[in-house]
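Observations on the three-dimensional arrangement
Listed here are the chains, written in short residue letters.
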Amino acid sequence: MSAIVQVNGLNKTYDGGFEALKNVSLDIREGEILALLGPNGAGKTTLISTICGITQPTSGAITVGGHDVIDDWRAARKLIGLVPQEINLEPFELVANTVRFSRGLFDRQRNDAFVDQVLKDLSLFEKKDNRIAELSGGMKRRVLIAKALAHEPRVLFLDEPTAGVDVELRRDMWALVERLRADGVTIILTTHYIEEAEAIADRVGVIRGGELLLVEDKARLMSRLGQKELRIELRDGVEALPDALAGFDLTLSDDKRSLLYTYKTGEERTGITRLLSAIQDAGLTLADLQTRESSLEDIFVGLVHTEEGEPS
Amino acid sequence: MNWNGIAAIWRFEMARFFRSIIQSIVSPVLSTSLYFVVFGAAIGSRIPEVEGVSYGAFIVPGLIMLTVLQQAIQNAGFGIYFPKFIGTIFEVLSAPLSAFEIVIGYVGAAAVKALLIGCIILGTSFFFVDITIQHPVWMIAFLLLTSISFALLGFILGIWARNFEQLNLVPLLVVTPLVFLGGSFYSITMLPPIWQTISMFNPVLYLVSGFRWSFFGMADVPVAASLAAILLFTALCLGVVWWMFRTGYRLKS
Ligand SMILES: Nc1ncnc2c1ncn2[C@@H]1O[C@H](COP(=O)(O)OP(=O)(O)OP(=O)(O)O)[C@@H](O)[C@H]1O
Ligand SMILES: [Mg+2]
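Computed from a predicted structure; not experimentally measured.

Extensive coverage of strand β10 (residues 211–217) of chain A is indicated by the burial of five of its seven residues. The antiparallel pairing of strand β9 (residues 203–208) of chain A with β10(A) creates a hairpin that spans two residues between the two strands, and A:G209 there sits at a positive phi of about 55°.

Looking now at the packing of helix α1 (residues 3–19) of chain B against helix α5 (residues 99–125) of chain B. Residue and element names in this part refer to chain B. Taken N-terminus to C-terminus, the directions of α1 and α5 make an angle of 35°; their axes are 8 Å apart at the nearest point. Between α1 and α5 lies a crossing whose hand is right-handed. On α5, the residues touching I6, I9, W10, E13, M14 and F17 of α1 are E101, I102, I104, G105, Y106, G108, A109, V112, K113, L116 and I117. For the contact of α1 with α5, a count of residues per class yields twelve nonpolar, two polar and three charged.

Before going further, it helps to examine the sheet that holds β10(A). Residue and element names in this part refer to chain A. Read across the open sheet, the six strands follow the order β6-β7-β8-β3-β9-β10; overall the sheet is mixed. Each of the sheet's edge strands pairs with one partner strand only, and the pair in question is β6 (80–83) and β10. Averaged over all neighbouring strand pairs, the angle between strand axes comes to 15°, with direction disregarded. Strand contacts of helix α1 (residues 44–52): β3 (33–37), β6, β7 (155–159), β8 (186–191) and β9, with the helix running at about 150° to β7, the strand carrying the most contacts. The strands touched by helix α5 (residues 137–149) within the sheet are β6 and β7, with β6 carrying the most contacts at an inclination of about 170°.

Residue and element names in this part refer to chain B. Looking at the secondary structure, you find G87 in the loop between α3 (55–86) and α4 (89–94). Look at G87 and you get buried, because its relative accessible area is 19%. Taking the C-alpha atoms as reference, G87 lies 21 Å from R19; in sequence the two are 68 residues apart.

With that out of the way, let us pick up the environment of A:V64. Residue and element names in this part refer to chain A. Counting through the fold element by element, V64 comes out in strand β4 (residues 59–64). Taking the C-alpha atoms as reference points, V64 and A76, twelve residues apart in sequence, are found 5.3 Å from one another. Not counting residues up to four positions away in its chain, the partners in contact with V64 are I4, V5, I51, V69, A76, L79, I80 and V155.

Another aspect to go through is the nonpolar core. B:I64, B:V92, B:F155 and B:F215 are the most contacted members of the largest nonpolar core, which totals 74 residues. Among the nonpolar cores identified, the runner-up in size contains 45 residues, and A:L144, A:A150, A:L156 and A:M173 belong to it.

All right, on to the interface of chain A and chain B then. One widely used convention gives an interface's size as the accessible area the parts lose upon coming together. With 32 residues of chain A at the interface, the matching set in chain B holds 31 residues. Here chain A and chain B share an interface that buries about 2,800 Å² over both sides, 56% of which is from carbon and sulfur atoms. The largest per-residue losses of area from chain A upon contact with chain B belong to A:E90, A:F101 and A:L105, which jointly make up 24% of the total buried on that side. If you look at where chain A meets chain B, you find four salt bridges. The residue B:R16 makes a salt bridge to A:E90 at a minimum N-O spacing of 3.1 Å. Taken together, the links from chain A to chain B amount to twelve residue pairs in polar contact (both at pLDDT 80 or more).

Residues and elements named next belong to chain A. The local shell around ligand 1 holds 15 residues, among which N40, K44, T45, T46 and Q85 are the closest. G41 has a polar backbone atom sitting 2.8 Å from an oxygen atom of ligand 1. Considered on its own, ligand 1 offers 640 Å² of accessible surface; in the complex 66% of this is hidden by protein. A per-element tally of the shell around ligand 1 places α1 first, with three residues. Along the lines of polarity and charge, the residues of the shell around ligand 1 split into five nonpolar, eight polar and two charged.

Once that is clear, we can look at the pairing of strand β1 (residues 3–13) of chain A. Residue and element names in this part refer to chain A. Alignment of β1 against strand β2 (residues 19–29), held across seven bridges, turns out to be antiparallel. Within β2, the position partnered with K12 by the bridge is L21. Counted along the chain from β1 to the antiparallel partner β2, the turn is five residues long, and its residue G17 has a positive phi close to 100°. Summarising the sheet, β1 and β4 pair through five bridges and their orientation is antiparallel. From the neighbouring strand, N11 faces β4, where its bridge partner is S59.

Conventions used here
Residues numbered from 1 in each chain as written. Chains lettered and ligands numbered in written order. Predicted model: local features only at pLDDT ≥ 70, side-chain atom pairs only at ≥ 80, totals over all residues. Heavy atoms only, no water. Buried < 20%, exposed > 50% of the residue type's maximum accessible area, 1.4 Å probe, protein only. Helix = DSSP H or I, 4+ residues; strand = E, 2+ residues; numbered from the N terminus. Pairing = 2+ DSSP bridges. Axes fitted to C-alpha atoms, helices over the stretch in contact; angles between N-to-C directions. Left-handed = near helix turned anticlockwise from the far one by under 90°. Contact = heavy atoms within 4.5 Å. Nonpolar A, V, L, I, M, F, W, Y, C, P; charged D, E, K, R; others polar. Core = buried A, V, L, I, M, F, W, Y, C linked by side-chain atoms within 4.5 Å. Buried area = accessible area lost by both parts, 1.4 Å probe. Salt bridge = Lys/Arg side-chain N within 4 Å of Asp/Glu carboxyl O. Polar contact = N/O pair within 3.5 Å; in protein donor to acceptor, adjacent residues only side chain to side chain. Near = heavy atom within 4 Å. Areas by Shrake-Rupley, 256 points an atom, 1.4 Å probe, with all protein chains shown as cover.

Next comes the structure, spelled out in structure tokens:
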């Protein structure tokens, strides 16, 4: 697959001297859903704003659809739709008018049928003649999405689309993202919710302190960094870990009936076979075995808390 | 050129105007009528004629200019300041629109609004005084140029302003005094010589003078000077706007 967005050696230093992006390089493939994860202040919004032309890069190059965002900005920008993190809408405007406005801004001929369809897709059609001020917070967020979709973008940036949105609406948005993807739209979303990235992304990027720590296929990331916990239930509890098992990285559960063993799923030698035979040799009887896979959340927490992120 | 984009901004801004059409029109018409009553009737009865024109008619061009300047600055200033203030400006900045196109949209809408109000005031004044316009084409040209150049100034102020106070400050402290001292309600030949000289440095004098010439064929300064002044002012404003967009001044970080 070809890259529809290419970011090369991007640096951004704000006027006050703050380095918000440090040498970020990223290829976004056409048609994929990329989730950017990172703690507050990591630089997610800065990265998106720079690609969209709202923030000026300090150095580095960005292309969208092969068009440089500085030299060939007009062509690049026509391809992009942006749903910003902050809800900023003109309170006294009518819903339909703001969406039509967005379509026009991006050099599309007026097409009320299309705008109506976008509003329907976002369950906003009944509110099309209401003022923005008369909408609920979740509806306003959907208006922002409608505005971003009004000019039929090829690349859609969603900056925390589901922040402050109820569970049902979040599912609706995921469904919408799926539909857009089916139409071939490339989607980049930032989120704090790992479950969101896990549910809809093809690839996950992790940003921290202005650095892109890694970008990887979600499944690969999980298997590469994923850990599993093996829970070994014993028929008869033990008071302490038997000396024979001292060589293993084991912990005894609080009720002293189970042994807990953590291992990396991607590794060739998990040590499980050796452990199990050692347990047998120690004269213990197994009652049950359980494994639990770590979620993206565990991986993410592990990553942003280690001093050195693993190179991608 | 992104004509769809220009049209979108223009329509959006005009919609803002028509949403509050009553305030937009009633307030200038009311204040103009008050000026006619106060200046025209009360003072005019003591100054029967200025260079052969009745005082009531004499102040019409100045009155129109006063309102058109205020409206052009206010509309353009607010038009760009408000999206900046509530954050919707991001959309315009991320759209495939050049600085020039953005300016055409916002300034164009503000200028048209100011022009409309200017025409309404002219219409109102027909109820109070008899006027014949000697050079109607020039009158429209002056009105149009003034609307555009001061809408540009308002646009600059809107980008520069960090709060509503600043947005209102310049029109209040600079523009209104310049208009009042710019011969809107008198001919500068009525002033002592020293004040006549000082008035020559007031750019608004050139506007009012040229505009009044298009009505009555009389002027405080040569018409060519008026035209040159307003073109110079427009060019200056365009230069500042160009610089603002090039550097992202108070728009982009
Ligand atoms: N206009 C600005 N001027 C100076 N510093 C800024 C500006 N905008 C953002 N920053 C700084 O850049 C860093 C990254 O900000 P950014 O908004 O990109 O983070 P983020 O990853 O989107 O965070 P969040 O998850 O909270 O939205 C922060 O430390 C922020 O304070
Ligand atoms: Mg952010």
